[in-house]
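These are the residues of each chain, in order.
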Amino acid sequence: MSERIRRAVYPKKGGPGSIRIVEGEIGPLAANHIRIDVHYAGINFADLMMRIGIYGAAPPFPFTPGYEVSGTITEIGKDVRNRSVGDRVVAMTRYGGYATMVDVHPNQSFILGPKQSLESAAAMPVTYATAHHMLVHLGGIREGDTVLVHHAAGGVGTAVSQIAAAKGAALIIGTSSASKKKFVESMGMHHITRGDDFVAQCRELTDGRGVDHALDPVGGKHLLRSYKALAKGGKLYTFGGSSAVPGKRPNILAALWMWWRLPRFDPLRMMNSNKAVFGVHLGTWDKDEIMREQMKELVKMQNDGLINPVVDCVFPLIEVAKAHTYMHDRKNRGKILLDCRD
Ligand SMILES: NC(=O)c1ccc[n+]([C@@H]2O[C@H](COP(=O)([O-])OP(=O)(O)OC[C@H]3O[C@@H](n4cnc5c(N)ncnc54)[C@H](OP(=O)(O)O)[C@@H]3O)[C@@H](O)[C@H]2O)c1
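Bear in mind the structure is a predicted one, so any value in this text is a computation, not a measurement.

1. Topic: the overall build of the protein
At step 1: On a plain count of helices and strands, the protein comes out with 11 helices and 15 strands.
At step 2: Here the C-alpha atoms of the protein give a radius of gyration of 20 Å, agreeing with the 20 Å that 2.2 N^0.38 yields for 342 residues.
At step 3: Out of the 342 residues in the protein, the part that is buried amounts to 54%.
At step 4: Partitioning the intrachain contacts of the protein with sequence separation of at least 6 by distance along the chain shows that 70% fall at a separation of at least 24.
At step 5: Within the structure as shown, the protein displays about 15100 Å² of accessible surface, and the carbon and sulfur contribution to it stands at 54%.
At step 6: Side-chain charges in the protein split into 43 positive and 32 negative, and the spacing between the mean points of these groups amounts to 6 Å.

2. A closer look at the site of the ligand
At step 1: Around the ligand there are 24 residues in total, and Gly 155, Ser 177, Val 245, Leu 282 and Asn 332 lie nearest to it.
At step 2: His 151 places a polar side-chain atom, nitrogen or oxygen, 3.3 Å from an oxygen atom of the ligand.
At step 3: Between Val 156 and the ligand, the recorded distance is 2.8 Å, taken from a backbone N or O atom to an oxygen atom.
At step 4: When isolated, the ligand has an accessible area of 910 Å², and the protein chains bury 95% of it.
At step 5: The set of elements that each furnish at least two residues to the shell around the ligand consists of α3 (125–138), α4 (155–166) and α11 (320–328).
At step 6: Looking at which element gives the most residues to the shell around the ligand, the answer is α3, with three residues.
At step 7: A class-by-class count of the residues in the shell around the ligand yields nine nonpolar, 12 polar and three charged.
At step 8: Taken domain by domain, the makeup of the shell around the ligand includes at least three residues from each of domain 1 (3–123 + 310–339) and domain 2 (127–283).

3. Examining the domain arrangement of the protein
At step 1: Domain boundaries in the protein define domain 1 (3–123 + 310–339) and domain 2 (127–283).
At step 2: Computed from C-alpha atoms alone, the centre-to-centre distance between domain 1 and domain 2 is 27 Å.
At step 3: Carbon and sulfur atoms make up 60% of the area that domain 1 and domain 2 hide from each other, which totals about 1900 Å².
At step 4: When the area that domain 1 buries against domain 2 is broken down by residue, the three leading residues are Val 310, Arg 330 and Arg 333, summing to 29%.
At step 5: On the surface where domain 1 and domain 2 come into contact, there are one salt bridge.

4. Brief notes about the pairing of strand β4 (residues 68–76)
At step 1: Pairing analysis gives seven bridges linking strand β3 (residues 34–43) to β4, with the strands arranged antiparallel. Bridge pairing in β4 links Arg 35 to Glu 75.
At step 2: Two elements, β4 and strand β5 (residues 88–92), share five bridges in a ladder whose sense is antiparallel. Opposite Thr 72, over in β5, you have Arg 88 as the bridge partner.

What counts as what
Residues numbered from 1 in each chain as written. Predicted model: local features only at pLDDT ≥ 70, side-chain atom pairs only at ≥ 80, totals over all residues. Heavy atoms only, no water. Helix = DSSP H or I, 4+ residues; strand = E, 2+ residues; numbered from the N terminus. Rg over C-alpha atoms; globule rule 2.2 N^0.38 Å. Buried < 20%, exposed > 50% of the residue type's maximum accessible area, 1.4 Å probe, protein only. Contact = heavy atoms within 4.5 Å. Areas by Shrake-Rupley, 256 points an atom, 1.4 Å probe, with all protein chains shown as cover. Lys, Arg positive; Asp, Glu negative; His and termini not counted. Charge placed at Lys NZ, Arg CZ, Asp CG, Glu CD. Near = heavy atom within 4 Å. Polar contact = N/O pair within 3.5 Å; in protein donor to acceptor, adjacent residues only side chain to side chain. Nonpolar A, V, L, I, M, F, W, Y, C, P; charged D, E, K, R; others polar. Domains from an automatic or database assignment. Buried area = accessible area lost by both parts, 1.4 Å probe. Salt bridge = Lys/Arg side-chain N within 4 Å of Asp/Glu carboxyl O. Pairing = 2+ DSSP bridges.

Okay, structure coming up:
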């Protein structure tokens, strides 16, 4: 049976105004998939980068973005045994989430506990899985560790603060725009204003040692500064290139400039200081079993009240351009969602 669907489409690279809302039909459900009536879809910084055409792992234009949704199952394929119509789920979509409905394999979905709202569930998958992947899976964070995270007030930043706190971190330092100082502090982080000398301040705050974990989504030469903020034995996670996005529209020069200024790390120096540098990209991470375990732990942590995704605001699907502009303008504190209900 085919049904009506409304979705946001990137027809080609461009500014937020280039996004189109398209109505059409969704074909019959595959035998091994489930159909989700999408309530909320999460917006990620990567969606902006895809729209302006500088995100390597994006599908070809035209396409519907959206890595994550929450909603209710309305139909199950005839081979699906472990899901039922009416189940409330959160799902990782790897595109297609900005829509009123989406089909996924049941392994990409997670049944929500009774205490989890659909709104906070949609705010979790990408940002918390990224944070968990860095701090827990790669970093083996231990009680008493110290953590530095940039863009601390955003989706990943707030997820890092909650997961690090849940794992017993002694100190979490977050950088952000000055206007978000109070918010960052309310998340239990020590705030440093973007642009200030965070290397010196990290040393001062750790009695000269440096931090155990530095999480850098900025890229370019900023990455080397994050490396310098590390203690001996510390770990740097490089997981983004926000400095390649100076505005709302495509700017290939900014992307090249960011790439040109990336540091080339010296393995001998790394060896002598026992430092590690991890490259992290969830979009191409294909160890599905590990990811499922991570997501299960996160859903449980949310259900147990150990983490609680922060939702800044919710835009209706048809106002997706406004939602993107809000993130471009660095206004978000926590996550931005789309309300995709008809
Ligand atoms: N590798 C991965 O698997 C992975 C997964 C998820 C996210 N990421 C990366 O992690 C970072 C955060 O992602 P998110 O989705 O949680 O976004 P976000 O932090 O919620 O939102 C963007 C925030 O980033 C800061 N920012 C820095 N440069 C910016 C720019 N050029 N334009 C607009 N805002 C800018 C702004 O905060 P301040 O000005 O306050 O700092 C803004 O509020 C992004 O770089 C993203 O690409 C990577």
